[in-house]
Amino acid sequence: MSNLAEAIEPTHDDTREAGVDRYVVATTLAATAVLGVMVWQAATPRMLLLYAVGIGLGVSLYHAAFGFTAGWRNFIVRRRSRGLRGQLILLALASVLYMPVTALGLANGAIAPVGGYIVLGSFLFGLGMQLGGGCGSGTLFTVGAGNRKMLITLAAFVAGSVLGTLHLPWWLASPGLGPVDLGRALGPGGGILLQVAVLVALIWTVRAVEQERHGSAEPLAWRTEGGWLSTLFTGGWPLAWGVVALAGLGLVTLLVSGAPWGITFAFAAWGAKALQALGVDMAQFEYWTWAYPARVLSESLLLNVTSVMALGLLFGAMLAAGLAGRFNAGSQNRLGMGNVSAAVIGGLCMGYGARLAFGCNIGAFFSGIATGSLHGWVWFVFGFLGSIVGVALRPRFGMAN
C-alpha cells in the first residue's frame, strides 16, 4: 500500500463517487492565485516560478502516490520493492541530471559534513516517519490532501525542527569527517558512474528479494488504466510518471534557485517565526544568529525559497486531491490516542532528526545523493535502520503494518 493509500484510503462509510470535487478545486485555485500574487509582489518572477514548481511537485507526489515512508515499510514487512525501486531509479536519474550541473558551478549541491549527528539524526527521522505516517514530502502532501492526523504530525514536526536548531551548534562541535563531495573527489564522470552502479546494484538486489518471496516483482509501469490525458489531471499515475516528474521538477529547482530541493528548513523557519511573534527573542540562540537563518528570520517567508515551495507543494496536493475527488478521504482521519501519540512522537523525531542530519528524505537523502554528497548515503543507511525500528514500534500504537 502506498503512503498516499495509507493516508487517504476510503473507509466503508465513505460513499462518495470518484469525480472532480469542484468546490475543493475552485477554493484551492483561488487560494493558490492569492498566494501567487503575494509572492509576485513580495519577491521576484524567479520566486513565482519556484512557487509553480512547488505546486507541480505537490500534484506529482499526490497523483503518483509517491511516498517514501510506505515504500520502505512495504519492503521491510512484505518484501515488496516497487516503491523502494521507484526511489532508487529516481536517485539514479537525478544523479545523471544534477551532478553535471553542480560540477559546472551552475548550482550548489546539498553537500554536508559527515558525523555522529548525521547518524543519530537520520535514524530518528527514519523511526519518526514510520510513527508519524509520512516523511518531509509525505507529511506536506497528505496535509494538503486533507488528512487530519498529518496536521498533528506537521505541528510536532515544526516543534521538533525548532528544538533541533537550538541544539545543532552543540552537535556540530563533535568530531566529524567534514563534507565529502563524490563528484569533486572522483570527478563528475567518476562520481556519476559510482553512484549509478551502486543504485543499479541496489535495484537488482531489492527486486531479487521480492521475486524470491513472491515469485515476481511488481512493475513500475508506464501505461495507465484509462486515457492518459484524464489520468494526467485526475490521478492514478503510474509510478514511473512520478519518477520522471520529480526528477524534472527537481532539476528546474536546482537551476532556478541555485540549490537542490529541500523542505524541512521551512518548518524550522515557520516555528521560529511563530515564537518570535509571541515575543521570544530567537537571537539568544546561536543557530538563529548565523547569517542565513538570521536573514530568513528577519525577512518575509515569501522571500524564502524553501517556504514558498513548501506552500506550493501543499496547494498542489490539495488541488490534485480535489481533481481526484479524494480530498479529506481516508481511514487515518479516525483519530485515537494511539494515532495521536504516534503522530506527536513521530513528528518530533522527524523535526529534530532533520536538523541534525541537514535535511529529511528530500533535502538530505534525495538531494544529497543526487548531488554527490556522502552524507546522503549515510542518511540512507541509518534512516532505513530507523525505519526498521519504527515499523516494529507501530503495533504498540495500534497501527497496522
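Small disclaimer: the values here were computed from a predicted structure and weren't measured.

Trainee: Can you explain the packing of helix H6 (residues 116-132) against helix H8 (residues 148-172)? Please cite residues and give values.
Mentor: Two elements in contact, H6 and H8, have axes whose closest approach is 12 Å; the angle formed by their N-to-C orientations is 170°. Taken together, H6 and H8 sit at an angle that is classed as roughly antiparallel. Taking contact as the criterion, the partners of Tyr117, Leu120, Phe125, Leu131 and Gly132 in H6 are, on H8, Lys149, Met150, Thr153, Phe157, Trp171 and Leu172. Partitioned by chemical class, the residues of the contact of H6 with H8 number eight nonpolar, two polar and one charged.

Trainee: So what's going on with the side chain of Thr153? Residues and values would help.
Mentor: Structurally, the position occupied by Thr153 is in helix H8. Judged by relative accessible area, Thr153 falls into the buried class, the value being 0%. Apart from residues no more than four positions distant in its own chain, Thr153 is found in contact with Gly132, Thr139, Ala343, Gly347 and Met350.

Trainee: Can you explain the side chain of Thr306? Please cite residues and give values.
Mentor: Here Thr306 lies in helix H14 (residues 305-324). For Thr306, a relative accessible area of 15% puts it in the buried group.

Trainee: Let's hear about the layout of surface pockets: which residues, and what values?
Mentor: The space that makes up the largest pocket amounts to roughly 980 Å³. Taken together, 36 residues form the lining of the largest pocket, with Ala259, Pro260, Phe265, Tyr292 and Thr306 sitting closest to its centre. Those elements that place two or more of their residues in the lining of the largest pocket are H8, helix H11 (239-257), helix H12 (264-277), helix H13 (291-298), H14 and helix H16 (361-370). Considering every element that reaches the lining of the largest pocket, the biggest residue donor is H13, with four residues. Among the residues making up the lining of the largest pocket, the classes are represented as 19 nonpolar, 13 polar and four charged.

Trainee: Residues and numbers for unusual backbone geometry, please.
Mentor: One non-glycine residue with positive phi stands out, namely Arg79, at about 60°. In this fold, Arg79 is placed in the loop between helix H4 (68-78) and helix H5 (82-103). Residues other than glycine seldom take positive phi values, yet Phe358 does so here, at roughly 60°. Relative to the assigned elements, Phe358 resides in the loop between helix H15 (337-356) and H16.

Trainee: Describe the packing of aromatic side chains, and please don't skip the residues or the numbers.
Mentor: One pass over the structure, following the stated rule, counts 23 aromatic pairs. On the basis of an interplanar angle of 40° and a centroid distance of 4.8 Å, the ring pair of Phe365 and Phe380 is categorised as tilted. Note that Phe365 is positioned in helix H16 and Phe380 in helix H17 (residues 374-393), a separation of 15 residues in sequence. Using a relative accessible area of 11% as the deciding quantity, one classes Phe380 as buried. One residue, Arg79, lies across the ring of Phe75, its end atom 5.9 Å from the ring centre.

Trainee: I'd like to hear about helix H9 (residues 182-214), residue by residue, with values.
Mentor: Three- or four-residue spacings in an α-helix give side chains the same orientation, since the helix completes a turn every 3.6 residues. Taking 1.5 Å as the rise per residue, H9 with 33 residues should run 48 Å; its terminal C-alpha atoms sit only 36 Å apart, a clear shortfall. The sharpest bend along H9 comes to roughly 105°, located at Pro188. All buried positions along H9 are accounted for by Leu182, Gly183, Gly191, Ile192, Gln195, Leu199, Ile203, Val206 and Glu210. Contact partners of the buried residues in H9: H4, H5, H16 and H17. The distance from a side-chain oxygen at the start of H9 to the backbone nitrogen of Gly183 is 2.9 Å, and the residue carrying that oxygen is Asp181. Two residues or fewer past H9, Gly215 is found with a positive phi of approximately 90°.

Trainee: Break down the nonpolar core for me, citing the residues and quoting the values.
Mentor: In this structure, Phe66, Phe125 and Trp261 are the most contacted members of the largest nonpolar core, which totals 93 residues. Trp261 has contacts with Leu57, Leu61, Leu246, Thr253, Met309, Leu313, Ile362, Gly363, Phe366 and Ser367, leaving out every residue within four places of it along the chain. One finds Leu168, Ala272, Met282 and Tyr287 within the second-largest nonpolar core, a separate group that totals 11 residues.

Trainee: Account for the pattern of salt bridges, naming residues and giving values.
Mentor: Pairs can form between side chains of opposite charge whenever their charged atoms are close. The full count for this structure, using the stated rule, is four salt bridges. Note that Glu218 and Arg80 form a salt bridge whose closest N and O atoms lie 3.7 Å from each other. In this pair, Glu218 is assigned in the loop between H9 and helix H10 (228-234) and Arg80 in the loop between H4 and H5, connecting sequence segments 138 residues apart. Given the relative accessible area of 22%, Arg80 is considered partly exposed. Its salt-bridge partner being Glu210, residue Arg85 comes within 3.4 Å of it at the nearest N-O pair. Residue Arg85 is found in helix H5, and its partner Glu210 is found in helix H9; the two are separated by 125 residues along the sequence. Each member of the pair, Arg85 as well as Glu210, is classed as buried. Each member of the salt-bridge network shares a partner with another, and the members are Arg80, Arg85, Glu210 and Glu218.

Trainee: Outline the state of the cysteines, supporting the account with residue identities and numerical values.
Mentor: Per the stated rule, a full pass over the model turns up zero disulfides. Residue Cys135 stays outside any disulfide, its sulfur separated by 7.0 Å from that of Cys360, the closest cysteine. A residue is classified by how much of its surface remains accessible, and Cys360, at 0% relative accessible area, is buried.

Reading the values: the criteria
Residues numbered from 1 in each chain as written. Predicted model: local features only at pLDDT ≥ 70, side-chain atom pairs only at ≥ 80, totals over all residues. Heavy atoms only, no water. Axes fitted to C-alpha atoms, helices over the stretch in contact; angles between N-to-C directions. Helix = DSSP H or I, 4+ residues; strand = E, 2+ residues; numbered from the N terminus. Parallel < 35°, antiparallel > 145°, perpendicular 65-115°, else oblique. Contact = heavy atoms within 4.5 Å. Nonpolar A, V, L, I, M, F, W, Y, C, P; charged D, E, K, R; others polar. Buried < 20%, exposed > 50% of the residue type's maximum accessible area, 1.4 Å probe, protein only. 1 Å grid on protein atoms, 1.4 Å probe; cavity = no way out; pocket = protein on both sides within 12 Å on 5 of 7 lines; lining within 4 Å. Points joined across faces, edges and corners; volume = space filled by probe spheres on them. Phe/Tyr/Trp six-rings, centres within 6.5 Å; stacked < 30°, edge-to-face > 60°. Lys NZ or Arg CZ within 6 Å of the ring centre and 35° of its normal. Expected span 1.5 Å × (residues − 1). Bend = angle between axes of the 7 residues up to and from the residue. Polar contact = N/O pair within 3.5 Å; in protein donor to acceptor, adjacent residues only side chain to side chain. Core = buried A, V, L, I, M, F, W, Y, C linked by side-chain atoms within 4.5 Å. Salt bridge = Lys/Arg side-chain N within 4 Å of Asp/Glu carboxyl O. Disulfide = S-S within 2.5 Å.

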